[in-house]
Amino acid sequence: MFNVEKIRNDFPMIKNAGCIYFDNSATSFKPQCVIDRVSEYYTNENCNIHRGDYDLSVKVSKEYDDTRKTIKKFINCRDKNEIVFTHGATSSLNTVAYGYGLSHLSKGDVILTSQVEHASNILPWFRVSDLTEAEIRYIPFDEDAKFNLEKYEECFKDRKVKIVSLTYVSNVMGYKYPMKDIVRIAHKYGALVNCDGAQAVPHMKVDVEDLDVDFLSFSSHKMCGPAGIGVLYAKYKLLQDMDPVWLGGGSNARFKSDKELILKESPDKFESGSPCIEGVLGLDVAARYLMDIGMENIEAYESELSEYLVHRLSELKNVHIYNRNTDTAIVSFNVDGIFAQDTACYLNANKFALRSGNHCAKLLIDLIGTNESVRASLYFYNTKEEIDRFVECLKDITLEKCIEAAI
Amino acid sequence: MMDKEFKREIMMDHYTHPRNKREVNDENYLKKHNASDSCIDDITVYMLFDGDVVKDVAFDGVGCTICTASTDIIADLIKDKTIEEAKEILRNYYAMVDEEEYDEDILEEANAFDTLSKQANRIKCGTIGIHAMSDIIKQYEER
Ligand SMILES: Cc1ncc(COP(=O)(O)O)c(C=O)c1O
């Protein structure tokens, strides 16, 4: 049974934040068990891994590597060696672009992406396009940034698309894109799919075997884990076929003065340098914490919250919602006649934490016709009661109050 | 210190009825575009000089409350002043926002922003037009 009150007790920040936190797409709170795990490492296990010939290092190295088994289970991949630890979704996405894109794309090829992408899944491809002369093409979306599979399939007709790089869930519109069909169609035309899972993996069951996706990137800090750590999943044969972006200690088997270099096997070849050990250990606990609650339960509860939030916000005549039919607990809106930042400032003064702006998705302007919005993004520890308080607060918003909040 | 009520009135007034907000298509004006990467603010400031006097200041574009009101107020303040006087006003405004010592009297209505320094994420909004004015003065002096 999903018991939100019990869950809320696991998160010290819920009591300590001094505000109602609706900015979970930016980062999530961490449960006490994750915080304890990180501090346990520094208190009782501090050492480097994969280096030392002593018991402590051997033990912690094993715990670090065992996290791959946890993540394997979490996203249901075949092999724990398909799990590469990175610094976060941004670093995973860059690894795919530079490690795979640079060596596999050339003039005449097409990188297919969309205008809802986060900067982290578009800017690396801009550079790959500059360096390889591969062309970037955007999938034509329906109105409201909804996905249209027919228009998508049209993009493959000239058989130039080599890679599709797409987010599973838009961090501004909250839409969940039909990833399984997206992958099926791409594979039909011999293209690979790089999935940005940053906003999906924390909120729903993502099964890479079922999706058959080729690459998946996500961050630990958005799914109750520590910051500074993330995951790149890729099919093992693709990992073998990729170049690491960084070289250094830990990723090489041997090298000689004549520049001969033999890299280790994946995933080690991608993990040069001393890693964020406490981050990996904390991520292990976070993933198990989420699995204990059950991703299906989390998704179902968040869907209830989302419906309720849209329903309650719709009561306010002065609020314009950009994604009334959101698939997740991400809702973007503006108050008529008040700029997003002024609204967020008013909400802040009333102890609600939300983000305003373009949310790193600057190409979205062309799709929804606004470049700035306020975004409420909820997680499974938020409640309907918090939504009620939020709506009550928004009911009272005036320009005068926004100004007062800033002075 | 101004009271909050009074500050709010000044800002509402300049936000809803900015005196200096208009597009300028006169080649005699120097102009500077300035946009924020974190807020909606995206404005162009225009200034006309006559010898060492600021004859006119105008701006257009999109700005939030803080951006529009601060730009409009400072535009009023530096209009018809000598360049040295205008620079002194801008210097005092920056000092206020940086929590350094400044002369309240010289800033007049701009004192409405005397607590802007406490709102780290709005400082940019409250200085975007003022940066543009400083840049234009520099442009004029270096011409
Ligand atoms: C859709 C999406 N992709 C990628 C990222 C980048 O994640 P990170 O900043 O953790 O690297 C984010 C973060 O906001 C995101 O929302």
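Note that the structure is a prediction, hence the values are computed from the model and not measured.

Novice: Help me out: how do you make sense of the overall build of chain B in this one?
Specialist: Looking only at helices and strands, one finds five helices and three strands in chain B. Walking chain B from its N terminus toward its C terminus, one meets helices and strands in the order α-β-β-β-α-α-α-α. Its C-alpha atoms give chain B principal-axis dimensions of roughly 40 × 30 × 25 Å. Split into buried and exposed, the 143 residues of chain B put 52% on the buried side. Considering only intrachain contacts with a sequence separation of at least 6, the fraction spanning at least 24 residues in chain B is 61%. In the structure as shown, chain B presents an accessible area of about 6,900 Å², 44% of it carried by carbon and sulfur atoms. Separation between the mean location of the 18 positive side-chain charges and that of the 33 negative ones in chain B comes to 3 Å.

Novice: Would you mind showing me how to read the environment of B:Asp103 here?
Specialist: Residues and elements named next belong to chain B. Take Asp103: it is sitting in the loop between helix H3 (83-97) and helix H4 (104-107). Along the backbone, Asp103 and Tyr93 are ten residues apart, and their C-alpha atoms lie at a distance of 8.8 Å. A polar atom in the side chain of Asp103 sits 3.0 Å from the backbone nitrogen of Asp105.

Novice: Before we go on, may I ask you to explain the packing of helix H4 (residues 55-75) of chain A against helix H11 (residues 277-293) of chain A in this structure?
Specialist: Pairs of packed helices are described in terms of their axes, by the angle between the two and the distance that separates them. All names here are of chain A. At a minimum axis separation of 9 Å, H4 and H11 run at an interaxial angle of 35°. In the packing of H4 onto H11, the handedness of the crossing is left-handed. Each of Val60, Glu63, Tyr64, Asp66, Thr67, Thr70, Ile71, Lys73 and Phe74 in H4 lies in contact with H11, whose residues at this interface are Ile277, Val280, Leu281, Leu283, Asp284, Ala287, Arg288, Leu290 and Met291. Of the residues contributing to the contact of H4 with H11, the split by class is eleven nonpolar, two polar and five charged.

Novice: Help me understand the side chain of B:Ser36 in this model?
Specialist: Residues and elements named next belong to chain B. In this structure, Ser36 sits in the loop between strand E1 (30-35) and strand E2 (42-50). According to the relative accessible area criterion, Ser36 is buried, its value standing at 13%. Contact partners of Ser36, with chain neighbours within four places excluded, come to Asp41, Lys124 and Ile128.

Novice: Help me understand the site of the ligand, please; the structure alone is not making it clear to me.
Specialist: All names here are of chain A. In the neighbourhood of the ligand, the contacting residues comprise Ala89, Thr90, His118, Ser120, Thr167, Asn171, Asp196, Ala198, Gln199, Ser219, His221 and Lys222. In the model, an oxygen atom of the ligand is placed 3.4 Å from a nitrogen or oxygen of the His118 side chain. Residue Asp196 places a side-chain N or O atom 2.6 Å away from a nitrogen atom belonging to the ligand. Taken by itself the ligand offers 400 Å² of open surface, and the protein chains cover 86% of this. The class makeup of the residues in the shell around the ligand is two nonpolar, eight polar and two charged.

Novice: Got a minute to help me understand H3(B) in this structure?
Specialist: Given 3.6 residues to a turn, an α-helix orients residues that are three or four positions apart in the same direction. Residues and elements named next belong to chain B. Its 15 residues give H3 an end-to-end C-alpha distance of 21 Å, which sits within 8% of 21 Å, the value for a rise of 1.5 Å per residue. Taken as a whole, H3 has its buried residues at Ile83, Ala86, Ile89, Leu90, Asn92, Tyr93, Ala95, Met96 and Val97. For H3, the secondary structure elements touched by its buried residues are E2, strand E3 (53-62), helix H2 (65-78), H4 and helix H5 (128-141). One or two residues past the end of H3 sits Glu99, with phi positive at roughly 60°.

Novice: Is there a simple way to explain unusual backbone geometry in this structure?
Specialist: Generally, phi is negative for residues other than glycine and the peptide bonds are trans, each holding for most cases. Residue and element names in this part refer to chain A. In this structure, the amide linkage connecting Ser266 to the following residue, Pro267, adopts the cis form with an omega of 5°. Assignment of secondary structure puts Pro267 in the loop between strand E10 (261-263) and H11. Even without being a glycine, Asn76 presents a positive backbone phi close to 55°. Topologically, Asn76 is positioned in the loop between H4 and strand E2 (83-86). With phi around 70°, Lys351 is a residue other than glycine that occupies positive phi space.

Thresholds applied
- Residues numbered from 1 in each chain as written.
- Chains lettered and ligands numbered in written order.
- Predicted model: local features only at pLDDT ≥ 70, side-chain atom pairs only at ≥ 80, totals over all residues.
- Heavy atoms only, no water.
- Helix = DSSP H or I, 4+ residues; strand = E, 2+ residues; numbered from the N terminus.
- Buried < 20%, exposed > 50% of the residue type's maximum accessible area, 1.4 Å probe, protein only.
- Contact = heavy atoms within 4.5 Å.
- Areas by Shrake-Rupley, 256 points an atom, 1.4 Å probe, with all protein chains shown as cover.
- Lys, Arg positive; Asp, Glu negative; His and termini not counted.
- Charge placed at Lys NZ, Arg CZ, Asp CG, Glu CD.
- Polar contact = N/O pair within 3.5 Å; in protein donor to acceptor, adjacent residues only side chain to side chain.
- Axes fitted to C-alpha atoms, helices over the stretch in contact; angles between N-to-C directions.
- Left-handed = near helix turned anticlockwise from the far one by under 90°.
- Nonpolar A, V, L, I, M, F, W, Y, C, P; charged D, E, K, R; others polar.
- Near = heavy atom within 4 Å.
- Expected span 1.5 Å × (residues − 1).

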